[in-house]
Amino acid sequence: MAGIKQQKTIPTVYNMSSSKAISALWPLEELADAGIKYKVVNLPRRGADTYKVLKSHFPLGKSPTVTLEHVGGEAEVTYQIMPNVLTETRLILQFFSDHYTDGVWVPESEEDKRRDTFFQEFAHGSLITKIDHILTFEVIPTMLFFPMRYLTLLMVLPIRMHFMKDLTVIYQIMEDPLSEEKPWFSGKNIGLADFNTIFAMDMAVQRGYIQLEKYPMLAKWYNTVQDRPAYKRAKEVGEVYDCATFA
Ligand SMILES: N[C@@H](CCC(=O)N[C@@H](CS)C(=O)NCC(=O)O)C(=O)O
């Protein structure tokens, strides 16, 4: 692959199963084809030590967390706020783009650059936020015992429906700019906006929060990603990835 930089750091992705870490593993697998090396530590979502391991690198204990090893044994660098540690998916992906590529994911046109920036933000700020709301309201009743479980379920159903309606607007905003000429959220070519969007869309599809047939271009985007060899390998590398059950 053209546009790869000499690798000065080896990233280790701390990947909690069925998590946003897929957004880090997928682009790294795209770059692995060109020789970029990385390591992965797989942590079961309900594992006794999972949060201990994540928190040992960053106090928030979220997945993905990425640590960096300098290839030449150079001193640690504080790229964010802790030496050799990266967090926040969007910023992790930006680091990969800046440090491991010569701009292969930077859109060619100004129009695509603006669109790419918009959808990177939209993926986390709007799409995943709304999906997380629905998920939370679905999970609350499952944590309660009868009869509270059923009473709470009845209470949360209208709230869930309200959020589902909000999601239709979000999906339409995603559907409209996708076209044969610009099939990616980053525009003409695949880019950071696409990597940032996949986890939310996997949750939406696998948990039944979207009827893909209503959004043909979004469906095409989604299926293209699912068929992409690097994405398939990323799921294999992560070992467990099930957004329906969060195994
Ligand atoms: N803002 C972070 C959020 C990461 C995040 O919430 N990851 C979830 C998994 S998808 C997690 O670690 N959850 C564990 C928890 O909240 O305790 C990012 O975008 O990377």
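Per an unreviewed UniProt entry, the chain goes by GST C-terminal domain-containing protein and derives from Pseudogymnoascus verrucosus.

(A) Just the site of the ligand, in detail. Contacts to the ligand come from Met16, Ser19, Lys20, Arg45, Tyr51, Lys62, Ser63, Pro64, Glu88, Thr89 and Phe199. Tyr51 has a polar side-chain atom sitting 3.5 Å from an oxygen atom of the ligand. The protein chains hide 73% of the 500 Å² of surface that the ligand would expose on its own. One can see that the ligand is located within the largest pocket. Of the residues belonging to the shell around the ligand, the class tally is four nonpolar, three polar and four charged.

(B) Structural view of the packing of aromatic side chains. For the coordinates displayed, the defined rule picks out 15 aromatic pairs. Judged by centre distance (5.0 Å) and plane angle (80°), the rings of Phe118 and Phe119 are edge-to-face. According to the relative accessible area criterion, Phe118 is partly exposed, its value standing at 41%. Using a relative accessible area of 4% as the deciding quantity, one classes Phe119 as buried. Counting every residue linked through ring pairs, the aromatic cluster contains Phe118, Phe119, Phe122, Phe185 and Trp221.

(C) Examining the side chain of Gln7 more closely. Assignment of secondary structure puts Gln7 in the segment before β1 (9-16). From its side chain, Gln7 meets the backbone oxygen of Thr9 in a polar contact 3.1 Å long. At a separation of 2.6 Å, a polar atom in the side chain of Gln7 contacts the main-chain carbonyl oxygen of Lys37. Ignoring any residue separated from it by four or fewer positions in sequence, one finds Gln7 in contact with Gly35, Ile36, Lys37, Val71 and Tyr100.

(D) Spotlight on the pairing of strand β3 (residues 65-70). The element β3 is extensively covered by neighbouring structure, given that five of its six residues are classed as buried. In this structure, β3 lies alongside strand β4 (residues 85-86), joined through two bridges in antiparallel fashion. Each residue of the ladder has a partner; that of Thr67, found in β4, is Val85.

Parameters and conventions
- Residue numbers restart at each chain and count upward from 1, following the sequence in its written direction.
- The model is predicted, so local features are restricted to residues of pLDDT at least 70 and side-chain atom pairs to those at 80 or more, both for listing and for counting; the totals for chains, interfaces and linings are taken over all residues.
- Computation of side-chain values: all heavy atoms of the structure, hydrogens and water removed.
- If a single non-hydrogen atom of a residue is within 4 Å of a molecule or strand, that residue counts as near it.
- Two N or O atoms form a polar contact when they lie within 3.5 Å of each other; inside protein one atom must be a possible hydrogen donor and the other a possible acceptor, and for residues adjacent in sequence the pair counts only when both atoms belong to side chains.
- Residue burial considers only the protein chains on display, and all accessible areas are found by Shrake-Rupley using a 1.4 Å probe.
- Cavities and pockets are found on a 1 Å grid laid over the protein atoms alone: a cavity is a set of points where a 1.4 Å probe fits but cannot escape, a pocket is an open set with protein on both sides within 12 Å along at least five of seven lines, and a lining residue has an atom within 4 Å of such a point.
- The rule for placing a molecule in a cavity or pocket is simple: more than half of its atoms must lie within 2 Å of the grid points.
- Think of it as three bins: nonpolar holds Ala, Val, Leu, Ile, Met, Phe, Trp, Tyr, Cys and Pro, charged holds Asp, Glu, Lys and Arg, and polar takes everything else, Gly as well.
- Only Phe, Tyr and Trp rings take part, Trp by its six-membered ring, and two of them pair if their centres are within 6.5 Å. Stacked means planes under 30 degrees apart, edge-to-face means over 60, and tilted covers everything else.
- Here the term buried applies to any residue with accessible area under 20% of the maximum for its type, exposed to any over 50%, and partly exposed to those in between, with areas from a 1.4 Å probe on protein chains only.
- Under the DSSP-based scheme used, a helix requires at least four consecutive residues in state H or I and a strand at least two consecutive residues in state E, with every element numbered from the N terminus.
- Here a residue-residue contact requires only that any non-hydrogen atoms of the pair lie within 4.5 Å.
- A strand pair is defined by DSSP finding two or more bridges across the two strands.

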